[in-house]
Amino acid sequence: QLQPERAAHSPLDETPAMAQAWELPKREYPASPHRCVGCPGGPVHDQELLRRQAERDPVLVCFAECLQSGPPPPPGTAPPPRPKRMTREEEWEAFKLRLQERGLVDSSDVVFLQESPLQRPETWAVRIDKPRRGRLPTPLNLTTLEIGEVDPECCLAQWNSENPERRLQQGDRIRRAGGQERPEAIAQALDGRGLIDLEVERPYLDIPGLQRWLCSKVWDRHLQRFDQEAEATLGAIRSVNITTGFKGLDNMNRQDQYTYAMLLSEYEHCLGDILKDILQQVRTAEAAAGAPWLAMK
């Protein structure tokens, strides 16, 4: 918060030593991978587009073909439905081999795909507000700590509605609850009430998860820059709001207004430049032959 004696001055009037007092508040940049409602699997992601991609995209077709459904069924019985999730390293190795056999990757891309995303599952923080003591309405395997189908009356469903880009779904696993890691301690923490902090992981890979992983591999540096600039922009807007609220619009001179207009304009250009760079690479990838996500590199 700005102190009264500093609010009477404009940043342009300060000496270099005093100008440091006008630096924007330091805010923590997002540490986790970029995830928003528009990411694959998010609420505004086109599900019909995802279905068409799964049928036409040669990379996604290979992925679906490598999902194993267990031993073959007995003679005379219908085959089980093909699974939609990858859970084993053998499936990932088969996926890489099939990409090579069909000419979708070359030797340089093998390094890109060397580490399976199953080795580092997606993890994220969840905070639930449990209204009463006792077990969650949502089924929970007390051995594997995997979540069953989320009950619509459960506090986990409330989290899903408020955080659609990081929604919990069947098969997700609770790694920590209330700072506890042992299964017995996690179960005990979940039996409590009030705010409970969870750490959840997704130990499998579906098509949206594969797309997010590829996106992070290709665009991670750009998305980190975008998240940092967006966070800095929020800090700048809050700084302007604090100053405007303290001084009042009527008491701000033209120099003050110009200073803040230039400040916000600079952040606007930073965000615009990053998006322009990303869109240009996307256009290049779309025009390239072969797997577009490899062309993005």
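Procedures and definitions
- Residues numbered from 1 in each chain as written.
- Predicted model: local features only at pLDDT ≥ 70, side-chain atom pairs only at ≥ 80, totals over all residues.
- Heavy atoms only, no water.
- Pairing = 2+ DSSP bridges.
- Helix = DSSP H or I, 4+ residues; strand = E, 2+ residues; numbered from the N terminus.
- Axes fitted to C-alpha atoms, helices over the stretch in contact; angles between N-to-C directions.
- Contact = heavy atoms within 4.5 Å.
- Core = buried A, V, L, I, M, F, W, Y, C linked by side-chain atoms within 4.5 Å.
- Buried < 20%, exposed > 50% of the residue type's maximum accessible area, 1.4 Å probe, protein only.
- Lys, Arg positive; Asp, Glu negative; His and termini not counted.
- Salt bridge = Lys/Arg side-chain N within 4 Å of Asp/Glu carboxyl O.
- Polar contact = N/O pair within 3.5 Å; in protein donor to acceptor, adjacent residues only side chain to side chain.
- Phe/Tyr/Trp six-rings, centres within 6.5 Å; stacked < 30°, edge-to-face > 60°.

S.K.: Any chance you could break down the pairing of strand β3 (residues 194–202) for me, citing the residues and the numbers?
M.R.: Pairing between strand β1 (residues 122–130) and β3: 9 bridges, direction antiparallel. Bridged to lysine 130 within β3 is glycine 194. Looking at chain direction, strand β2 (residues 173–177) and β3 are connected through 4 bridges and run antiparallel. Across the sheet, the residue bridging to arginine 173 is glutamate 201, located in β3.

S.K.: Explain the sheet that holds β1 to me, using residue names and the numbers behind them.
M.R.: Pairing within the open sheet is antiparallel, and its 3 strands lie in the order β1-β3-β2. Either end of the sheet is taken by a strand with one partner, and the two such strands are β1 and β2. The mean angle between the axes of side-by-side strands here comes to 35 degrees, regardless of whether they run parallel or antiparallel. Each of β1 and β3 is contacted by helix α7 (residues 155–162), which is oriented at about 120 degrees to β1, the strand it contacts most.

S.K.: Before we move on, could you go through the nonpolar core and cite the residues and values that matter?
M.R.: Membership of the largest hydrophobic core comes to 26 residues, with the highest contact counts inside it found for Phe63, Met86, Trp92, Phe95, Leu99 and Leu210. Of all the elements in the fold, those that place two or more residues in this core are α4 (58–65), α5 (89–101), α9 (207–247) and α10 (254–287). The element best represented in this core is α9, accounting for 7 residues. Setting aside its immediate chain neighbours within four residues, phenylalanine 95 contacts Val59, Cys62, Phe63, Cys66, Met86 and Leu210.

S.K.: Residue-level account of unusual backbone geometry, with values.
M.R.: Glycine aside, residues mostly have negative phi, and peptide bonds are mostly found in the trans state. Residue leucine 145 is not a glycine yet carries a positive backbone phi of 65 degrees. Relative accessible area serves as the criterion here: at 6%, leucine 145 is assigned to the buried category.

S.K.: Can you explain the side chain of glutamate 91? Please cite residues and give values.
M.R.: One can find glutamate 91 in helix α5. The side chain of glutamate 91 is buried and forms no salt bridge, while arginine 88, the nearest opposite charge, is found at 4.8 Å. Side-chain polar atoms of glutamate 91 contact the backbone nitrogen of arginine 88, separated by 2.9 Å. Each residue touching glutamate 91, except ones within four places of it in the same chain, is listed here: Cys66, Leu67, Gln68 and Met86.

S.K.: Explain the packing of aromatic side chains to me, using residue names and the numbers behind them.
M.R.: Using the criterion set out here, one finds 4 aromatic pairs in the structure. On the basis of an interplanar angle of 55 degrees and a centroid distance of 5.2 Å, the ring pair of tryptophan 92 and phenylalanine 95 is categorised as tilted. Pair noted here: tryptophan 92 and phenylalanine 95 are both in helix α5, with a separation of 3 residues, about one helical turn. For tryptophan 92, a relative accessible area of 0% translates into the label buried. For the pair phenylalanine 112 and tryptophan 213, a centre-to-centre distance of 6.3 Å together with 55 degrees between the ring planes defines the contact as tilted.

Scope: geometric values only; no functional claims are made or implied.
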